Amino acid sequence: MPDECIFCRIVRGELGTDFIAESEHNVAFRDLSPQAPIHVLVVPRKHLTALRDVGLDDQCVTGDALALAARVARESGLLDGGYRVLTNDGPDAGQTVHHLHFHVLGGKKLEASLG
Ligand code: 5GP
Ligand code: ZN
């Protein structure tokens with residue numbers, strides 16, 4: 001439920017999380033348990049449980065999220081070395097927070113394997 005959802009609470013500012021960037025439909029903040037020197041989460045302001053929830057009406061949300069992810073990468077100095085953007089949907093992918101989010105990872109040579 002959006003009332004109890006941790007990312008909805010962060011989006012509403014209830015946990016005092018620093019946003020490193022914001023856009024019309026998304027916010028960006030550092031992951032609590034970083035898996036790379038730069039590990040930022042891009043999170044829609046709207047509660048969608050995962051990519052599977054994205055409908056035609058939400059294309060502005062996901063388009064905006066990817067644009068914000070690229071902006072975060074640029075402003076974090078990742079364009080030369082490169083970076084990875086990914087989202088986990090469901091248990092096999094290891095999704096733990098059931099509010100759509102995109103991981104932005106970089107600042108080191110990332111594992112080539114995605115699966
Ligand atoms: P998932 O496994 O669902 O794709 O990713 C969830 C991510 O959210 C994890 O990388 C986890 O470290 C991060 N995370 C979970 N709770 C919090 C929190 O309260 N604050 C922040 N900044 N990150 C969180
Ligand atoms: Zn939520």
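Cut-offs used in this document
- Residues numbered from 1 in each chain as written.
- Chains lettered and ligands numbered in written order.
- Predicted model: local features only at pLDDT ≥ 70, side-chain atom pairs only at ≥ 80, totals over all residues.
- Heavy atoms only, no water.
- Pairing = 2+ DSSP bridges.
- Helix = DSSP H or I, 4+ residues; strand = E, 2+ residues; numbered from the N terminus.
- Contact = heavy atoms within 4.5 Å.
- Axes fitted to C-alpha atoms, helices over the stretch in contact; angles between N-to-C directions.
- Patch = residues over 30% accessible without salt bridge, like charges linked within 9 Å, V, L, I, M, F, W, Y side chains within 5 Å.
- Areas by Shrake-Rupley, 256 points an atom, 1.4 Å probe, with all protein chains shown as cover.
- Salt bridge = Lys/Arg side-chain N within 4 Å of Asp/Glu carboxyl O.
- Buried < 20%, exposed > 50% of the residue type's maximum accessible area, 1.4 Å probe, protein only.
- Near = heavy atom within 4 Å.
- Polar contact = N/O pair within 3.5 Å; in protein donor to acceptor, adjacent residues only side chain to side chain.
- Core = buried A, V, L, I, M, F, W, Y, C linked by side-chain atoms within 4.5 Å.

**Student:** What is the right way to look at the sheet that holds strand S2 (residues 26-30) in this model?
**Tutor:** For sheets, the rule is that strands pair by backbone hydrogen bonds, running either parallel or antiparallel. Pairing is antiparallel in the open sheet, where five strands are placed in the order S1-S2-S3-S5-S4. Strand pairing shows two members of the sheet lacking a second neighbour, strand S1 (21-22) and strand S4 (83-86), which therefore form its edges. In this sheet, strand S3 (residues 38-44) lies alongside S2 in antiparallel orientation, the contact comprising five bridges. Opposite Ala28, over in S3, you have Val42 as the bridge partner. Contacting S1, S2, S3, S4 and strand S5 (102-106), helix H2 (residues 59-75) crosses the sheet at an angle of about 35° to S2.

**Student:** Would you explain a nonpolar patch on the surface in this entry?
**Tutor:** The grouping of Leu66, Leu79, Tyr83 and Val85 at the surface amounts to a nonpolar patch, some 330 Å² of accessible area in total. Mapped onto the fold, Tyr83 is located in strand S4.

**Student:** How should the pairing of S3 be read in this particular structure?
**Tutor:** On a regular strand, one side chain projects to one face of the sheet and the next to the other, so that they alternate. With seven of seven residues buried, S3 is to be regarded as a mostly interior element. Residues Ile38, Val40, Val42 and Pro44 point to one face of S3 and His39, Leu41 and Val43 to the other, with burial holding for every one of them.

**Student:** What exactly am I supposed to notice about the site of ligand 1 here?
**Tutor:** Close contacts around ligand 1 come from 16 residues, with Arg30, Asp31, Asn88, Thr96 and His103 the closest. Within the side chain of Asp31, one N or O atom sits 2.5 Å away from an oxygen atom of ligand 1. In this structure, Gly94 approaches ligand 1 through a main-chain N or O atom, which is 3.2 Å from an oxygen atom. Protein chains bury 81% of the 520 Å² of accessible surface belonging to ligand 1 in isolation.

**Student:** Sorry if this is basic, but what is going on with the nonpolar core here?
**Tutor:** What tends to happen in soluble globular proteins is that the nonpolar side chains get buried as a cluster. Judged by nonpolar contacts, the single largest core of 16 residues is most densely connected at Ala28, Val40, Val42, Leu68 and Val72. Taken together, the elements giving at least two residues each to this core come down to S3, H2 and S5. By residue number, the principal contributor to this core is H2, which donates six residues. Contacts of Val42, omitting those with residues within four sequence positions, involve Asn26, Val27, Ala28, Ala65, Leu68, Ala69, Leu100, His101, Phe102 and Val104. Within the second largest apolar cluster, 10 residues are counted, among which are Cys5, Phe7, Ile10 and Leu41.

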